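# Summary of the model geometry
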Amino acid sequence: MQWHSIDEFFAMGGYAFYVWGSFGACALLMFAEPFLAKRRLSEVRQSLIRERLADELELQQKNS
Amino acid sequence: MNSFLATVRRDLLLAMRRKSEVLTAVFFFVIVTSLFPLGIGPEPALLRKIAPGILWVAALLATLLGLPRLFAADHVDGTLEQMALSPSPLGLLVAGKILAHWLLCGLPLVLLAPVLGVQFDLDASALGILMLALLLGTPLLSLIGAIGAALTLGVRGGGVLLALLVLPLYIPALIFGAGAVEAHIAGLGAGGHLSLLAAMLALAVFFAPWATTAALRVALE
Amino acid sequence: MNSFLATVRRDLLLAMRRKSEVLTAVFFFVIVTSLFPLGIGPEPALLRKIAPGILWVAALLATLLGLPRLFAADHVDGTLEQMALSPSPLGLLVAGKILAHWLLCGLPLVLLAPVLGVQFDLDASALGILMLALLLGTPLLSLIGAIGAALTLGVRGGGVLLALLVLPLYIPALIFGAGAVEAHIAGLGAGGHLSLLAAMLALAVFFAPWATTAALRVALE
Amino acid sequence: MLNVSDLACSRGERRLFANVGFSLAPGEWLHVQGENGAGKTSLMRLLVGLSPADAGTILWRNEPTPSAEFRRDMIYLGHHAAVKEDLTPLENLRLAAALDGIELDEHASMAALIRLGLRGREELPVRVLSAGQKRRVLLARLLTRPAVLWVLDEAFNALDVSAVKLLGELIGEHLAVGGMAVLTSHQPLPVPGGKALML
Amino acid sequence: MLNVSDLACSRGERRLFANVGFSLAPGEWLHVQGENGAGKTSLMRLLVGLSPADAGTILWRNEPTPSAEFRRDMIYLGHHAAVKEDLTPLENLRLAAALDGIELDEHASMAALIRLGLRGREELPVRVLSAGQKRRVLLARLLTRPAVLWVLDEAFNALDVSAVKLLGELIGEHLAVGGMAVLTSHQPLPVPGGKALML
Amino acid sequence: MRQSIIQWFKFGSPQSFYPLAGRMIPWFWAAAIAFGIAGLWISFFVAPTDAQQGEGYRIIFVHVPASWMSMFLYLIMAFWAGLGLALNTRVSGMMAQAIAPTGALMALLSLWTGALWGKPMWGAWWVWDARLTSELILFFLYLGFMALQAAIDDPRRADKAGAILALVGVVNIPIIYFSVKWWNTLHQGSTINMNKAPSMAHTMLWGMLLMALCFWMYSIAVALTRVRAIILERERHTEWVKHAVA
Ligand code: HEM
Ligand SMILES: Nc1ncnc2c1ncn2[C@@H]1O[C@H](COP(=O)(O)OP(=O)(O)OP(=O)(O)O)[C@@H](O)[C@H]1O
Ligand SMILES: Nc1ncnc2c1ncn2[C@@H]1O[C@H](COP(=O)(O)OP(=O)(O)OP(=O)(O)O)[C@@H](O)[C@H]1O
Ligand SMILES: [Mg+2]
Ligand SMILES: [Mg+2]
């Protein structure tokens with residue numbers, strides 16, 4: 001362990017901007033991407049569920 | 001005025017429908033500016049020197065590339081005929097199309113230029129001048145280009161003939177546009193160049209839509 | 001084989017009918033190479049240094065400009081359908097079209113390059129290498145371009161999307177092509193670059209017509 | 001209202017027609033006839049002002065065309081599809097109206113499309129429609145753009161039997177309220193009456 | 001010779017047709033009928049091999065299509081003009097033949113054009129021809145390209161009365177010598193006999 | 001023989017792949033997180049400071065995995081695309097389409113972290129060196145692939161066209177990989193600073209490998225999530241989808 005304090009850790013020996021810029025961008029994008037993918041999945045699911053509901057309603061109206 | 005805005009909206013909608021179109025004009029700009037360092041070699045001092053010229057030529061070519069489509073699609077499918085026969089004045093519709101073209105092809109270049117300029121190691125004040133010059137220059141390119149597009153409409157050999165007609169007319173814009181940045185870097189002040197650009201733009205705003213309309217009527221005959 | 005030659009003849013005839021077309025590809029090349037001195041300034045030493053890169057980029061853009069028309073006209077008027085249904089193999093017809101494209105867009109550039117090179121103050125042996133590199137490189141550009149043209153056929157956003165697809169693939173040709181001349185000027189010998197270009201060309205001659213044909217069949221579906 | 005006299009037109013060295021004259025009053029329509037290449041399309045383009053005539057005059061409400069009033073009063077549908085392949089029929093209709101400076105609400109455009117049998121296709125891009133459906137999208141403009149004079153060049157092409165009948169009815173209704181029409185077609189037209197002009 | 005069975009085709013989410021089957025023997029022809037958007041053009045494109053079918057088989061001389069033999073035996077003329085606007089009718093005809101690998105002399109191509117009533121237009125660029133004349137240039141290929149199976153999509157569009165009659169005669173002659181044809185049209189066809197397929 | 005291959009790919013039908021993917025995703029997430037924690041621990045707390053580059057070199061722990069993945073994912077994408085073209089299996093095209101955005105993201109991260117590394121080390125955000133340029137080309141190839149697919153609305157056609165492009169673009173991969181060998185450039189070759197104490201080389205290597213595994217598992221997890229969405233979008237009118245989404 002080469003860090004003596006938390007400040008020193010964040011300072012990264014003067015390269016804070018570059019190191020945290022890199023890791024930060026990775027963290028940010030790799031957090032956002034799965035989020036977007038999941039949202040896409042749930043959007044399709046939602047619209048499919050809505051469609052099924054509409055189908056059922058139509059069926060009920062026909063029967064009654 | 002209503003039909004002017006309707007035209008702008010229509011052309012933007014059409015472009016959005018072809019999702020990729022908007023982005024790709026920008027990508028072309030990026031790719032072309034990146035081609036030159038590849039062909040010329042990576043020496044930074046050399047690159048910094050030719051940066052304004054390259055960015056301007058790339059902007060010019062990016063505008064040029066989209067020009068043939070400015071009226072062609074509407075011509076082929078007969079919409080242009082309908083526009084010429086529409087109760088709204090054709091000039092207004094044409095002006096709308098030109099504005100839409102600038103919004104799609106010109107404005108993104110202005111916004112993107114500083115990012116690319118950084119790649120070539122230009123400093124902040126030079127980037128500012130570059131953006132200003134492009135802001136005055138790209139509408140000029142769209143306006144002049146529209147005349148060329150209308151003149152070559154339906155003419156055999158379209159795209160290339162268009163380039164032949166329009167490029168010479170673009171040269172003043174290129175010289176003053178790139179010149180503004182170079183003058184600034186050389187410490188001479190860019191004011192003169194920029195005001196010449198502005199004057200040309202004012203002239204073009206008046207005459208280009210009129211000339212374009214006339215050319216379109218000829219093409220439709 | 002007969003229908004291969006017939007395609008070449010047909011495309012040349014069509015181009016001749018649009019007289020301006022052949023000349024204008026060349027004019028575009030000339031104008032673009034002349035734009036740079038205008039944008040960059042007239043310093044001879046600087047110009048000599050960037051000459052190979054600029055000539056190659058201009059050749060590349062000139063080729064690119066003609067690409068959308070490679071199959072588009074035949075697609076719109078239904079001739080391409082007829083070709084796909086013709087008793088002659090489509091691959092042969094496609095190869096014929098690519099050859100015709102090179103004869104119209106590539107060969108003139110090769111022949112013209114030394115004239116423009118002289119403007120940039122290149123010496124005779126460098127001009128020779130430049131021509132040789134272009135002779136190997138321009139067919140490569142036509143072959144790769146044909147794939148892109150076929151892929152974007154009838155697709156929304158055509159021309160610009162085409163540029164996005166094709167330009168990245170052109171970059172190796174650009175690097176080795178311009179590199180050959182630069183290496184020669186630097187006294188390093190252009191052999192390595194040229195043989196890499198030749199290898200890429202050989203590869204493309206085999207695969208590009210095949211890929212183009214496949215892409216065309218997809219476009220027609 | 002529409003008075004045409006002494007019209008002449010030549011293409012290349014070929015004189016297509018000369019001394020063509022006719023006039024239309026409200027409720028009347030003209031059937032321009034002639035074999036392929038006789039000059040029907042050329043005549044229509046002269047009429048609406050897309051190309052200049054060699055000789056002759058065209059008067060609309062006693063004023064020479066093309067006047068702004070004429071453009072407002074007239075609608076021309078030609079050989080071309082004049083629809084944007086990337087847009088849906090609904091968008092096509094509304095944008096065409098917007099360019100003409102007309103406000104068109106969703107309801108009216110929907111009604112026009114349904115009248116033309118495009119139910120269920122309102123949201124597809126025109127590109128994927130069949131040949132006849134594309135023509136129908138174009139023809140829907142007859143319902144959404146108020147015009148006195150309809151100039152229709154081979155409007156019955158590519159339409160199926162029921163669509164031909166429908167277009168006939170539309171023209172009939174238009175004439176009944178004092179409209180006028182100039183039509184070409186190689187098929188017999190399902191519209192009664194009408195003057196004939198043989199080229 | 002031509003055996004089609006169980007053909008199915010869908011576009012987007014719409015099933016256009018399924019279980020379509022028919023067969024043609026020499027001298028027979030098929031009239032594909034259906035309203036606008038029924039799927040006639042789609043069927044023809046499946047048939048000639050331009051787009052893949054969802055299901056079903058197409059046999060030509062008992063072999064699955066598209067085979068090289070089928071391509072040689074078949075000619076398809078669609079909605080498109082498929083002529084080069086910059087070339088003359090004569091050049092169009094000869095170049096089309098050359099692409100198909102057929103030698104066509106001046107005499108034969110001239111004869112075909114004259115038969116189709118294009119006398120005097122052989123040397124004009126197709127661009128200036130009228131709509132019907134363009135179609136005639138395309139149809140001339142029926143005379144210059146020997147084929148057993150003619151697949152014609154709305155070939156009667158834009159033709160005037162005499163041209164419709166002429167095309168009817170051509171098809172009749174073709175059938176008489178053992179040819180086959182698949183046709184679509186919204187008008188009654190001037191060809192006697194024929195099977196009908198309703199989509 | 002051919003029959004049995006086709007049989008095998010029946011398992012690759014969307015219908016059976018959709019639930020399978022759903023079951024696999026959590027495992028890949030778990031693996032990604034585990035490798036990620038271990039990798040980050042080594043990157044920041046085990047690996048010692050570099051003698052020449054100070055702490056700045058720690059960018060290597062994201063830069064190299066992102067660069068590797070950007071190339072590797074392209075190969076995988078091209079593989080699936082080619083498979084779809086050859087055997088006409090439906091899932092292949094969907095896989096290719098699902099991988100592309102993740103690949104583009106990796107290429108972007110490689111460029112971004114490389115630029116952030118270049119500024120302190122080389123004094124420039126960007127130089128026109130062969131490896132950097134070819135990585136940029138790779139990024140554009142991904143974008144081209146996505147743009148082409150977005151521009152064609154018939155999914156079957158989009159798959160085929162995309163596949164042809166992906167296969168043509170494969171030639172770029174060896175160029176990126178060997179660019180350092182073929183040209184004398186600024187960018188590091190395959191062995192940097194590894195000639196320190198063996199233990200340090202080891203910890204660095206381990207850190208890089210663990211982070212690469214993390215990126216890899218992450219890519220699979222995201223691609224599978226996306227492919228599930230794509231399957232539903234494309235098959236929304238089949239019976240099984242209606243049952244699957246209850
Ligand atoms: C935008 C700029 C950069 C790009 C696009 C880039 C791209 C790449 C690529 C594609 C690789 C993987 C290739 C392979 O493993 O053989 C790689 C690896 C590597 N890069 Fe970069 N790089 C950039 C900047 C830098 C900088 C500034 C440094 C350090 C000063 C650096 C150091 C490394 C190292 C050490 C490796 C690992 C090589 C190995 O061990 O295989 N890169 N880079
Ligand atoms: N440059 C030219 N030289 C000679 N003839 C020409 C020239 N341009 C056009 N034509 C002829 O002019 C006529 C134009 O006809 P137009 O298109 O008006 O015919 P149409 O009556 O609409 O025919 P269709 O029923 O086929 O639509 C054609 O016969 C064409 O051959
Ligand atoms: N993506 C899609 N989604 C839904 N429907 C579609 C899609 N693509 C095409 N269609 C429909 O498929 C049909 C295609 O018809 P086709 O062109 O084969 O008709 P046709 O019988 O030749 O008609 P016409 O007589 O008008 O030429 C049209 O009804 C069209 O609306
Ligand atoms: Mg006509
Ligand atoms: Mg049809």
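The notes below deal with the structure included here.

About the thresholds
- Residues numbered from 1 in each chain as written.
- Chains lettered and ligands numbered in written order.
- Predicted model: local features only at pLDDT ≥ 70, side-chain atom pairs only at ≥ 80, totals over all residues.
- Heavy atoms only, no water.
- Helix = DSSP H or I, 4+ residues; strand = E, 2+ residues; numbered from the N terminus.
- Buried < 20%, exposed > 50% of the residue type's maximum accessible area, 1.4 Å probe, protein only.
- Contact = heavy atoms within 4.5 Å.
- Buried area = accessible area lost by both parts, 1.4 Å probe.
- Polar contact = N/O pair within 3.5 Å; in protein donor to acceptor, adjacent residues only side chain to side chain.
- Near = heavy atom within 4 Å.
- Areas by Shrake-Rupley, 256 points an atom, 1.4 Å probe, with all protein chains shown as cover.
- Pairing = 2+ DSSP bridges.
- Axes fitted to C-alpha atoms, helices over the stretch in contact; angles between N-to-C directions.
- Donors = N, O, S within 2.8 Å, 3.2 Å for Na, K, Ca; no water.
- Phe/Tyr/Trp six-rings, centres within 6.5 Å; stacked < 30°, edge-to-face > 60°.
- Lys NZ or Arg CZ within 6 Å of the ring centre and 35° of its normal.

### Let's talk about the overall build of chain F
Counting its regular elements, chain F contains nine helices and zero strands. Going residue by residue from the N terminus, the α and β elements of chain F occur as α-α-α-α-α-α-α-α-α. Per-residue burial for chain F yields a buried fraction of 57% across its 246 residues. Residue pairs in contact within chain F that sit at least 24 positions apart in sequence constitute 78% of those at least 6 positions apart.

### Considering the interface of chain F and chain A
Opposite the 46 residues of chain F that make contact, chain A presents 31 residues. Per-residue buried area on chain F facing chain A is highest for Phe44(F), Phe45(F) and Arg236(F); these three make up 18% of the total on that side. Our enumeration of links across chain F and chain A arrives at seven residue pairs in polar contact (both at pLDDT 80 or more). Elements represented by at least two residues in the side of chain F that touches chain A include exactly helix H2 (14–46), helix H3 (60–87), helix H4 (90–122), helix H8 (198–234) and helix H9 (239–244) of chain F. Per element, the largest residue contribution to the side of chain F that touches chain A is twelve residues, and it comes from H4(F).

### Considerations on the site of ligand 3
In the vicinity of ligand 3 lie 23 residues, with Ser130(D), Gly132(D), Lys40(E), Thr41(E) and Ser42(E) positioned nearest. Neighbouring residues of ligand 3 are distributed over chains D and E. Within the contact set of ligand 3, an oxygen atom lies 3.1 Å away from a side-chain nitrogen or oxygen of Gln133(D). Protein contacts shield 91% of the accessible area of ligand 3, which totals 660 Å² for the unbound molecule.

### Some details on the sheet that holds strand E1 (residues 2–11) of chain E
Residue and element names in this part refer to chain E. Spatially, the four strands line up as an open sheet ordered E2-E1-E4-E5, and their pairing is antiparallel. Of all strands in the sheet, those with a lone pairing partner are strand E2 (14–24) and strand E5 (63–64), marking the two edges. Sheet topology note: the strand E4 (residues 55–60)/E5 ladder contains two bridges and is antiparallel. Each bridged residue has a counterpart across the sheet, and for Trp60 the counterpart in E5 is Glu63. With respect to the sheet, helix H1 (residues 40–48) is in contact with E1, E2 and E4, its orientation differing from that of E1 by roughly 125 degrees.

### Some thoughts on the coordination of the magnesium ion (ligand 5)
Residue and element names in this part refer to chain E. Listed as protein donors to the magnesium ion (ligand 5) are Thr41 (OG1) and His79 (NE2); their distances from the metal cover 1.9 to 2.6 Å. Taken as a pair, Thr41 in helix H1 and His79 in the loop between strand E6 (74–77) and helix H3 (89–99) lie far apart in primary sequence, 38 residues in all. Owing to a relative accessible area of 32%, His79 belongs among the partly exposed residues under this scheme.

### Description of the side chain of Thr33(C)
Residues and elements named next belong to chain C. Residue placement: Thr33 occurs in helix H2 (residues 20–40). Classification of Thr33 as buried rests on a relative accessible area of 0%. Among the polar contacts made by the side chain of Thr33, one reaches the main-chain carbonyl oxygen of Phe29 at a distance of 2.9 Å. Within polar-contact distance, the side chain of Thr33 engages the backbone oxygen of Val30 at 2.8 Å. Sequence-distant contacts of Thr33, defined by excluding residues within four places in its chain, comprise Ile54, Leu55, Ala58, Leu116 and Phe120.

### Quick notes on the packing of aromatic side chains
The tally for this structure, following the rule as stated, stands at 19 aromatic pairs over all chains. Ring centres of Tyr18(F) and Trp240(F) lie 5.9 Å apart, and the angle between their planes is 55 degrees; this geometry places the pair in the tilted category. In this pair, Tyr18(F) is assigned in helix H2 and Trp240(F) in helix H9, connecting sequence segments 222 residues apart. Residue classification places Tyr18(F) among the buried positions, given a relative accessible area of 6%. Relative to Trp80(F), the ring of Phe79(F) lies with its centre 5.7 Å away and its plane at 65 degrees, an arrangement referred to as edge-to-face. Here Trp80(F) falls in the partly exposed class, since its relative accessible area comes to 23%. In textbook terms, an aromatic cluster arises when at least three aromatic residues are bridged by ring pairs, as seen for Phe9(A), Phe10(A), Trp20(A), Phe23(A), Trp41(F), Phe44(F) and Phe45(F). The ring centre of Tyr18(F) lies 4.2 Å from the NZ or CZ of Arg228(F), which sits over that ring.

### Structural notes on the side chain of Glu55(F)
Of note, Glu55(F) is situated in the loop between H2 and H3. Separated by 2.8 Å, the side chains of Glu55(F) and Arg58(F) make a polar contact. Glu55(F) has contacts with Trp3(A), Met12(A), Gly13(A), Tyr15(A), Val19(A) and Thr49(F), leaving out every residue within four places of it along the chain.

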